[in-house]
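Architecture at a glance
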Amino acid sequence: MADGAWQAYENWSDYFPSEGKVFSPNHPQGFSEAYFAFDVTEVSDLTQRDRFRLQTLRRAEEVLDYSDRDPEDVRRIFVEEGLSGRKPERETVVVVLPDDLCVRVSLVRDASEKKSIAELIELAELPLCAFNRSLFAGDRIDGCWYAVPDVTVGPQQGTIDWSLDKDFLASLFRQLRRIASPQPGELSYPVSRSQIQTFLNTLDRHGLLPAAGRVWHSDGQRIRRLASDMRFELDEIDELVDVLSSLAPVEEKLSHALEARRETLEAELSASLETEIKNSLEARYETLSVQNEELDAALAKRTAETIALEEAVAELIDRRDRIHREVRSLTANLAHLVEADAGRMEGNAARLIQDIEKVLRGERSTKSIVGHQPPLSVLPPFDHNIAPTPWEKLNQELVAAASRHGFLPRDIETLDILARSKEVVLLPSDIADDVLQCYSSVVAQGGFAVQSLDPSIIGYDDLWRSPALGTPSQLSRAWTSCVEDPSVARLVLLEGIERTPLDLWIRPLLATLRGEGRPKNLLVFLSMRTATIDRDRNVADLADLVVPFKAQQPDPLSPHFVMSLLGNEDPPRWVDFEAKPKLDHAEVATLMSVNFGPSGKKRMTIALRASLAAMGTGIPDAEKAIRILCENLDASPTDPAERIASLQLGSEYLRTLSN
């Protein structure tokens with residue numbers, strides 16, 4: 001810089017003495033071709049070569065003088081139109097305005113790369129600063145003015161809005177909407193946000209904004225300037241907005257009409273092409289159509305054959321399962337017979353093997369091997385070819401059987417629940433056979449075994465093996481049969497318990513029958529005629545160990561008796577114990593929260609077991625039935641209509657036999 005350029009500013013020439021040199025550090029900006037301003041400090045050590053040292057280095061800002069122009073025209077030049085002939089790089093200039101004011105503006109290249117235009121950042125509140133006009137008293141540098149740092153541009157005096165016309169109008173409309181609060185009975189400001197944007201886009205698209213026309217002349221206020229230079233009065237804006245807003249529905253209607261027409265043409269063209277293509281294909285591939293029909297017929301035939309084969313396979317699987325159960329049952333019976341006759345058959349093992357081989361080859365009937373043997377009462381053979389009764393219809397079959405045999409339906413229902421809940425039911429000897437015959441006709445094809453007890457039964461082991469012969473008892477055989485074939489129920493009646501010392505075996509037997517190892521398809525009953533013969537071996541709390549049950553005597557002329565005289569008895573029925581419905585976790589949680597009443601809380605174990613036995617059998621309101629059952633085990637229920645007479649009669653029967 002020349003010294004004269006700075007002499008007007010506080011004698012800046014003193015920084016450039018005629019004697020001595022200035023030391024300059026390696027500043028990166030020093031390699032640029034732009035002008036820079038700097039200051040120096042005097043070195044305190046006069047013995048050094050350099051008297052001065054360079055300190056702050058700043059890039060000089062060019063000053064553009066527009067003080068004789070209207071500020072709005074100046075804004076249009078820098079913001080809307082742009083300047084030609086400027087350097088391509090980014091630069092910051094000081095624009096001088098009237099009244100010794102100025103603004104700093106950053107210039108960048110526009111989209112066409114031909115002009116420099118103000119960067120559109122924070123122009124709505126551009127700082128307006130004081131300007132020191134003493135700069136123009138000095139010299140130019142290469143024909144340009146450059147601002148002296150901290151001198152030329154003074155403190156901020158306010159702000160000025162140099163935003164684009166479009167942004168200014170949008171801001172103006174938003175302010176109008178905020179302040180236009182309608183009076184009662186008046187309409188609100190009629191311009192919506194979308195209409196404002198559409199209005200501004202239309203002005204910009206058709207070149208109606210002032211920047212697209214001639215240069216505007218200032219009248220002192222920007223709003224009046226906008227209204228006059230936009231070629232129509234401000235009161236016509238509402239009409240223009242109405243026209244523009246009405247175009248959107250028209251365009252939408254035209255779009256819908258075109259879409260409907262397009263869909264119609266597509267449908268017509270599709271139908272026409274479909275018909276033509278179909279005719280062409282039928283004519284070209286007529287042979288294939290015939291073959292396709294033949295294949296369809298063959299496929300239908302194969303499908304029918306497949307269905308028939310699937311039914312045959314299902315039938316064979318069912319037969320296989322039945323044969324498998326029969327083989328298990330026969331194996332169990334054969335094991336019992338071999339065990340019973342082990343002493344006599346030790347020397348005839350070879351003959352027994354030969355007989356079994358003949359049976360397997362079909363050369364000999366099985367009756368010669370598994371025929372009935374003493375004792376008199378054994379479990380009858382079981383026919384697996386008979387379809388079992390579904391569990392949900394069990395209660396219905398029990399009610400029908402009770403009516404046929406002359407019993408109350410509730411008595412047989414209660415007997416079934418108690419027997420399948422691992423309870424041991426004590427029956428009077430006079431009705432034991434009739435009750436079990438009725439019950440077994442539904443669950444076990446009418447078969448049940450009777451094991452008569454006598455004074456030779458002294459201990460617990462004597463119940464499982466005959467004391468005299470050493471052969472398995474009916475209870476032992478029934479247990480083994482249940483293990484071998486879990487699907488078939490085996491009913492065993494221990495008849496005449498009063499003839500034995502009860503206290504020696506009754507408690508161990510009940511513990512075994514209520515244990516986890518007992519098969520669920522083994523149903524055990526006791527019968528008792530009079531008081532025990534051994535008073536010292538009597539059990540005083542027998543009513544708490546077993547469930548006394550005494551039904552009313554059946555009518556001698558029951559339907560079952562009449563049908564048996566005519567030789568036309570009902571077909572045997574049974575239920576598959578392996579198909580008993582299982583409870584899920586949710587049902588178990590619900591069962592644990594059931595209120596069985598005071599007696600149910602006292603007898604919670606039997607209440608839960610009885611509930612599990614009753615579920616899935618078709619009993620209406622099983623929860624209520626279990627609650628009444630528990631009440632009858634302790635006392636008579638309050639409602640006579642809900643009494644279970646069999647439990648009441650059983651308790652009275654036991655009291656009559658007490659010693």
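Residues numbered from 1 in each chain as written. Predicted model: local features only at pLDDT ≥ 70, side-chain atom pairs only at ≥ 80, totals over all residues. Heavy atoms only, no water.

**Things to note about the overall build of the chain**
Filter applied, for reference: In this text, helices come from DSSP runs of H or I with a minimum length of four residues, and strands from runs of E with a minimum of two, each type numbered from the N-terminal end. Relative accessibility under 20% of the residue-type maximum defines a buried residue, over 50% an exposed one, and the middle range a partly exposed one, all with a 1.4 Å probe and only protein chains included. Residue-level accessible areas treat just the shown protein chains as cover; the underlying method is Shrake-Rupley with a 1.4 Å probe.
Scanning the chain from N- to C-terminus turns up 20 helices and 15 strands. When burial is assessed residue by residue, the chain has 37% of its 659 residues classed as buried. Put simply, the chain shows about 38200 Å² of open surface, and 53% of that area lies on carbon and sulfur atoms.

**Quick word on the pattern of salt bridges**
Where charged atoms of side chains with opposite charge meet at close range, the side chains can pair. Keep this limit in mind: Note on definitions: salt bridges are taken to be side-chain nitrogens of Lys or Arg within 4 Å of carboxyl oxygens of Asp or Glu.
One pass over the structure, following the stated rule, counts 17 salt bridges. When the shortest N-O distance is used, the salt bridge between Arg-499 and Glu-495 registers 2.9 Å. Using a relative accessible area of 16% as the deciding quantity, one classes Glu-495 as buried. Salt bridges sharing partners connect three or more residues here, namely Glu-72, Arg-75, Arg-76 and Glu-80.

**Considering helix α20 (residues 645–656)**
Going by this rule: How far a helix is expected to stretch is found by multiplying one less than its residue total by 1.5 Å.
In a regular helix each residue adds 1.5 Å, so 12 residues correspond to 16 Å; α20 covers 17 Å between its end C-alpha atoms and thus fits that length. Listing the buried residues of α20 in full gives Ser-646, Leu-647, Gln-648, Gly-650, Tyr-653 and Leu-654.

**What to know about the packing of helix α10 (residues 409–420) against helix α11 (residues 429–443)**
We count it as follows: Lines are fitted to the C-alpha atoms to define the axes, a helix being fitted only along its stretch in contact, and any angle between axes, read from their N-to-C directions, falls within 0 to 180 degrees. Throughout this description, any angle smaller than 35 degrees is read as roughly parallel, any larger than 145 degrees as roughly antiparallel, any in the 65 to 115 degree range as roughly perpendicular, and the remainder as oblique. Contacts between residues were defined by any pair of non-hydrogen atoms, one from each residue, lying within 4.5 Å.
Interhelical geometry of α10 versus α11 gives an angle of 70° and a closest axis separation of 11 Å. Taken together, α10 and α11 sit at an angle that is classed as roughly perpendicular. Taking contact as the criterion, the partners of Ile-412, Leu-415, Asp-416, Ala-419 and Arg-420 in α10 are, on α11, Val-435, Cys-438, Tyr-439 and Val-443.

**Some words on the packing of aromatic side chains**
Note the threshold: When the centres of two rings from Phe, Tyr and Trp lie within 6.5 Å, Trp using its six-membered ring, the rings pair. Their planes under 30 degrees apart give stacked, over 60 give edge-to-face, and anything left gives tilted.
Applying the stated criterion to the full structure yields eight aromatic pairs. With a centroid separation of 5.4 Å and an interplanar angle of 80°, the aromatic rings of Tyr-66 and Phe-78 are classed as edge-to-face. Residue Tyr-66 is found in the loop between β4 (62–65) and α1 (71–81), and its partner Phe-78 is found in helix α1; the two are separated by 12 residues along the sequence. For Phe-78, a relative accessible area of 0% gives the class buried. Ring centres of Trp-464 and Trp-479 lie 5.6 Å apart, and the angle between their planes is 80°; on these two criteria the pair is classed as edge-to-face. Here Trp-464 is found in the loop between β12 (449–452) and α12 (474–484), whereas its partner Trp-479 is found in helix α12, with 15 residues between them in sequence. Owing to a relative accessible area of 16%, Trp-464 belongs among the buried residues under this scheme.

**A short note on the side chain of Glu-495**
Among the structural elements, Glu-495 can be located in strand β13 (residues 490–495). With near-sequence residues (within four places) excluded, Glu-495 lies in contact with Val-450, Gln-451, Ser-452, Leu-453 and Ser-527.

**A few points about the packing of helix α9 (residues 394–405) against α10**
In a packed pair of helices, the relevant descriptors are the angle between the two axes and the axis-to-axis distance. Short version of the rule: With the far helix as reference, a near helix turned anticlockwise by less than a right angle produces a left-handed crossing, and one turned clockwise produces a right-handed crossing. Classification used: nonpolar for Ala, Val, Leu, Ile, Met, Phe, Trp, Tyr, Cys and Pro, charged for Asp, Glu, Lys and Arg, polar for all others including Gly.
One can describe the packing of α9 onto α10 by two numbers: an axis separation of 8 Å at closest approach and a directional angle of 130°. The orientation of α9 with respect to α10, classified from their angle, is oblique. When the axes of α9 and α10 are compared, the crossing they make is right-handed. Contact with α9, carried on its side by Leu-394, Asn-395, Leu-398, Val-399 and Ala-402, involves Pro-409, Ile-412, Glu-413, Asp-416 and Arg-420 of α10 and no other residues of that element. Broken down by class, the residue content of the contact of α9 with α10 amounts to six nonpolar, one polar and three charged.

**Looking at unusual backbone geometry**
What you tend to see is this: most non-glycine residues have negative phi, and most peptide bonds are trans. At Lys-422, a position not held by glycine, the phi torsion is positive, near 70°. Summarising the element assignment, Lys-422 is placed in the loop between α10 and β11 (425–428). We note that Gln-445 has phi near 55°; this positive angle belongs to a residue other than glycine. By the secondary structure assignment, Gln-445 is in the loop between α11 and β12.

**Some remarks on the environment of Ala-432**
With respect to the helices and strands, Ala-432 occurs in helix α11. Distance from Ala-432 to Phe-549, taken between C-alpha atoms, is 9.6 Å for residues 117 residues apart in sequence. Among all residues touching Ala-432, those that are not within four sequence positions of it are Leu-427, Leu-493 and Ser-527.

**Side note on the nonpolar core**
Proteins that are soluble and globular tend to have nonpolar side chains buried together. How we decide: In these notes, a set of buried Ala, Val, Leu, Ile, Met, Phe, Trp, Tyr and Cys residues joined through side-chain atoms within 4.5 Å is what counts as a nonpolar core.
In this structure, Leu-415, Leu-427, Tyr-439, Val-443, Leu-491, Phe-525 and Leu-647 are the most contacted members of the largest nonpolar core, which totals 38 residues. Counting residues per element, the ones that place at least two in this core are α9, α10, β11, α11, β13, β14 (522–528) and α19 (622–634). Ranked by residue count, the leading element in this core is α11, at eight residues. Ranked by size, the runner-up nonpolar core spans 30 residues in total, among them Val-424, Trp-464, Ile-497 and Leu-502.

**A word on the confidence of the model for the chain**
To be explicit about the condition: The predictor reports its confidence for every residue as pLDDT, a score running from 0 up to 100.
Averaged over every residue, the pLDDT of the chain is 76; the share at 70 or more is 70%. Segment residues 212–220: pLDDT under 50, and 22 contacts once partners within four positions in sequence are set aside and those in other chains are kept. The low-confidence segment residues 365–376, where pLDDT is below 50, has 15 contacts with residues more than four positions distant or belonging to other chains.

**Structural notes on the pairing of strand β5 (residues 91–97)**
Heads up, the rule is: With its strands directed away from the observer, a crossover is right-handed exactly when the path from the first strand over the helix to the second travels clockwise. Here the rule is simple: two strands pair whenever DSSP picks up at least two bridges between them.
Across the seven residues of β5, six count as buried, placing the element largely inside the fold. Tracing the backbone out of β4, into α1 and back to the parallel element β5 gives a crossover that is right-handed. Bridge count between β5 and strand β6 (residues 101–109): seven bridges; the pairing is antiparallel. Directly across from Val-95, in β6, lies its bridge partner Val-103.

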